[in-house]
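What follows is the residue order along each chain.
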Amino acid sequence: MSDDFAPARPNSDFASSSFELMTPRKIVEELDRYIIGQEKAKRAVAIALRNRMRRQRLPADIRDEIVPKNILMIGPTGVGKTEIARRLAKLCQAPFIKVEATKYTEVGYVGRDVESMIRDLMAAGLAMVKTEMQVGVREEADRRAEERVLDLLLPGIKRPEDAQPSLSLPDAAAGSAGSASDSREKFRALLRAGKLDAREVEITVQGNSPAIEIFSGNQMEEMEVALGGLSGLFGGKRKKKSVSVAEARRALAAEELDKLVDPERAAEEARRRVQETGIVFIDEIDKIANREGRSSGGVDVSREGVQRDILPIVEGSTVSTKWGPVDTSHILFIAAGAFNVSKPQDLIPELQGRFPIRVELEALSAKDFERILTEPKSALVKQYTQLLSSEGVELGFDAAAVSRIAEIAASANARTENIGARRLATVMERLLEELSFEAPSMAGVKVSVDQAYVDSRFKDFAERQDLSRYIL
């Protein structure tokens, strides 16, 4: 690969600038933009993230001895556990994945083994690094894609740089070469103006790998690691496909981007980030806890087996991936569960000890729901207002309407299953169902949602508390 087009290395000053800017207080303030309440949880993750930054500034011999303080979040569904972890990963630009503990099985059972979460994390890290590296070479990739499209539009006409000029070239030949060059430049101008986007061209693309159904779960993952990826073994065949010029430019630019990024360099950087800053969020960990008072048999054996399989990964072990071995010693693990039936003490003692920081998240009240509807950057009221504005409908909510919506959601959670803030989405859909349906024919109409409007849409709910009809 030419040095002129070598991918730009990710900004080495990022860690230093982050340390100056991302204090625990600043991290909490940023989380406040998206998540209402849960101050204890926000403080815990902010300190955990800051400690990771502090560790990076220590000498290597000390740094290796400092392990992450993993976090166990305890609280009902819909109170912000997943959102806190997801926003935290975005803040620190770290590789992040969310997994459900229930999808893993003990070694020896059919299903996914727990090591696959690290392989998924490595894949997420690689995608992040490639995206960053592609920024510096996108212009060159677009240039190359443009030349390839012109080759397709002008078959048989060489590119100017491929021509072999000669001082003894006859005048007729020189004129022909000049004419070809002029034609190419005319087509280039039309291409850049978008006037050729609808024209059909034939490109060669990577074919799909054949389906293989004789392996599944652990066997498939182990084969992929051993072979360094099945796509290279079975997916090398290319096929021709007719597409529009616009589609061809996108496809060829993506192909050129892949060529310009050094895969070994990207994998090395991704592995470093995963090992030093990776975050794994394990949801529903309470579902694999052995419930107190129940006999250890049947499915409970598998639950305990999954816990024991997770333990060495959280403690620190080396997991084989098709991009190389990954050391999990300094990956931050955040586990979460409602623990309605089981308790944190029902986890095996060794696993409990690997999550020293425990944070209990509080159930959301009607006042919290009011804030959730309006305050966060992606608040539901803002989302619906913007959605309907695309149809030319001006939608407005007054404070009394927001308060009433919050009351209905809180009451529904109290009388039926408590699903936290997710209940608001259900209530909002019911509230605006008719308006959303009729919106295409209401361009230019202004709709004000007040308490009377909300009560009219939930009349039976207000009179008979008929939750099953309106909320579930």
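Draft legend 1. Expanded view of the overall build of the protein chain. Counting secondary structure elements, the protein chain contains 21 helices and eleven strands. Restricting to contacts in the protein chain with at least 6 residues of sequence separation, those with at least 24 account for 79%. Here the protein chain displays about 25,000 Å² of accessible surface, and carbon together with sulfur accounts for 50% of that area.

Draft legend 2. Layout of the packing of aromatic side chains. The final tally for this structure, using the stated rule, is zero aromatic pairs. The positively charged end of arginine 87 is found above the aromatic ring belonging to tyrosine 34, 3.7 Å away from the centroid.

Draft legend 3. Structural detail: the packing of helix H2 (residues 24-32) against helix H3 (residues 39-56). Following both chains from N to C, one finds H2 and H3 inclined at 130°, their axes separated by 9 Å at the closest point. The orientation of H2 relative to H3 falls into the category oblique. You can see that H2 and H3 cross each other, and the crossing is right-handed. Together, Pro24, Ile27, Val28, Leu31 and Asp32 of H2 and Glu39, Lys42, Arg43, Val45, Ala46, Leu49 and Arg50 of H3 make up the contact between the two elements. Per-class residue counts for the contact of H2 with H3 are seven nonpolar, no polar and five charged.

Draft legend 4. Region of the structure containing the pattern of salt bridges. Counted according to the given criterion, the structure contains 36 salt bridges. Of the charged contacts in the structure, one is a salt bridge between arginine 119 and glutamate 115, with a shortest N-O distance of 3.4 Å. A relative accessible area of 30% means that glutamate 115 is categorised as partly exposed. Residue arginine 143 is joined to glutamate 140 by a salt bridge in which the shortest nitrogen-to-oxygen separation is 3.0 Å. Placement of both arginine 143 and glutamate 140 in helix H7 (residues 138-153) is noted, with a separation of three residues, approximately one turn of the helix. Accessibility expressed as a relative area gives 8% for glutamate 140, which makes it buried. One network of salt bridges, with partners in common, ties together Glu146, Glu147, Asp151, Arg184, Glu185, Arg188, Arg192 and Arg249.

Draft legend 5. Spotlight on the nonpolar core. Counting 60 residues, the largest nonpolar core has Phe397 and Met428 as its most contacted members. Leaving out residues up to four positions away in the same chain, phenylalanine 397 has contacts with Val381, Thr385, Val402, Ile405, Met428, Leu431, Leu432 and Val449.

Draft legend 6. Fine view of the sheet that holds strand E2 (residues 96-100). The strand order across the open sheet formed by five strands is E2-E5-E8-E1-E9, and the pairing between neighbours is parallel. Looking at strand neighbours, the two that pair on one side only are E2 and strand E9 (357-360), the edges of this open sheet. Within this sheet the neighbouring strands show an average axis-to-axis angle of 20°, counted without direction. Judged from the four bridges that link them, strand E5 (residues 279-283) and strand E8 (residues 332-337) form a sheet pairing that is parallel. From the neighbouring strand, valine 280 faces E8, where its bridge partner is phenylalanine 333.

Draft legend 7. Geometry of the side chain of arginine 188. Summarising the element assignment, arginine 188 is placed in helix H8 (residues 171-192). The class of arginine 188 is buried, set by a relative accessible area of 9%. In terms of polar contacts, arginine 188 uses its side chain to reach the side chain of glutamate 147, at 2.8 Å. Excluding its chain neighbours within four sequence positions, the residues that come into contact with arginine 188 are Glu146, Glu147 and Leu150.

Draft legend 8. Expanded view of the pairing of strand E10 (residues 394-397). Burial along E10 is one-sided: the face carrying Leu395 and Phe397 is buried and the face carrying Glu394 and Gly396 is not. Bridging between E10 and strand E11 (residues 446-449) involves four bridges; their strand directions are parallel. Bridged to glutamate 394 within E11 is lysine 446.

Draft legend 9. Spatial organisation of unusual backbone geometry. Even without being glycine, glutamate 284 reaches a positive phi, approximately 60°. Mapped onto the secondary structure, glutamate 284 falls in the loop between E5 and helix H13 (299-315). Despite not being glycine, phenylalanine 339 has its phi angle at roughly 50°, a positive value. Tracing the backbone through its elements, the reader meets phenylalanine 339 in the loop between E8 and helix H14 (349-353).

Draft legend 10. Spatial organisation of H7. An ideal rise of 1.5 Å per residue puts 22 Å on 16 residues; H7 measures up with 22 Å between its terminal C-alpha atoms. By the burial criterion, the buried members of H7 are Glu140, Ala141, Ala145, Glu146, Glu147, Val149, Leu150 and Leu153.

Draft legend 11. Representation of the environment of valine 306 within the structure. One can find valine 306 in helix H13. Judged by its relative accessible area of 2%, valine 306 is buried. Distance from valine 306 to threonine 102, taken between C-alpha atoms, is 8.9 Å for residues 204 residues apart in sequence.

Basis of the calculations
- All residue numbers refer to positions counted from 1 along the written sequence of the respective chain.
- Residue-level local features of this predicted model are given only where pLDDT is at least 70; pairs of side-chain atoms are given and counted only at 80 or more, and the full residue set underlies all totals for whole chains, interfaces and linings.
- Think of the side-chain values as coming from all heavy atoms in the structure, minus any hydrogens and water.
- Secondary structure counts use DSSP, requiring at least four H or I residues in a row for a helix and at least two E residues in a row for a strand, with both numbered from the N terminus.
- Here, two residues are considered to be in contact whenever any of their heavy atoms come within 4.5 Å of each other.
- Values of accessible area rely on a 1.4 Å probe in the Shrake-Rupley scheme; residue burial ignores everything except the protein chains shown.
- Any two rings among Phe, Tyr and Trp, with Trp reduced to its six-membered ring, count as a pair given centres within 6.5 Å; such a pair is stacked if its planes are under 30 degrees apart, edge-to-face if over 60, and tilted if neither.
- Charge-over-ring contacts are defined here by two conditions on Lys NZ or Arg CZ: a distance within 6 Å of the ring centre and an angle within 35 degrees of the ring normal.
- Helix axes use the C-alpha atoms of the stretch in contact, all axes being lines fitted to C-alpha atoms, and the angles between their N-to-C directions lie in the range 0 to 180 degrees.
- Any angle between 65 and 115 degrees counts as roughly perpendicular, while under 35 counts as roughly parallel, over 145 as roughly antiparallel, and the rest as oblique.
- Crossing handedness follows the turn of the near helix against the far one: under a right angle anticlockwise gives a left-handed crossing, and clockwise gives a right-handed one.
- We call Asp, Glu, Lys and Arg charged. Ala, Val, Leu, Ile, Met, Phe, Trp, Tyr, Cys and Pro are nonpolar, and the rest, Gly among them, are polar.
- Whenever a carboxyl oxygen of Asp or Glu lies within 4 Å of a side-chain nitrogen of Lys or Arg, that contact is scored as a salt bridge.
- Throughout, exposure labels follow a simple rule: accessible area from a 1.4 Å probe, protein chains only, divided by the maximum for the residue type, with under 20% read as buried, over 50% as exposed, and the rest as partly exposed.
- The criterion is simple. A nonpolar core is a set of buried Ala, Val, Leu, Ile, Met, Phe, Trp, Tyr and Cys residues joined through side-chain atoms within 4.5 Å.
- In short, DSSP must find at least two bridges between two strands for them to pair.
- A 3.5 Å cut-off defines polar contacts: any pair of N or O atoms within that distance qualifies, except that in protein one atom must be a possible hydrogen donor and the other a possible acceptor, and neighbouring residues in sequence count only when both atoms are side-chain atoms.
- The span one expects for a helix is its residue count, reduced by one, times 1.5 Å.

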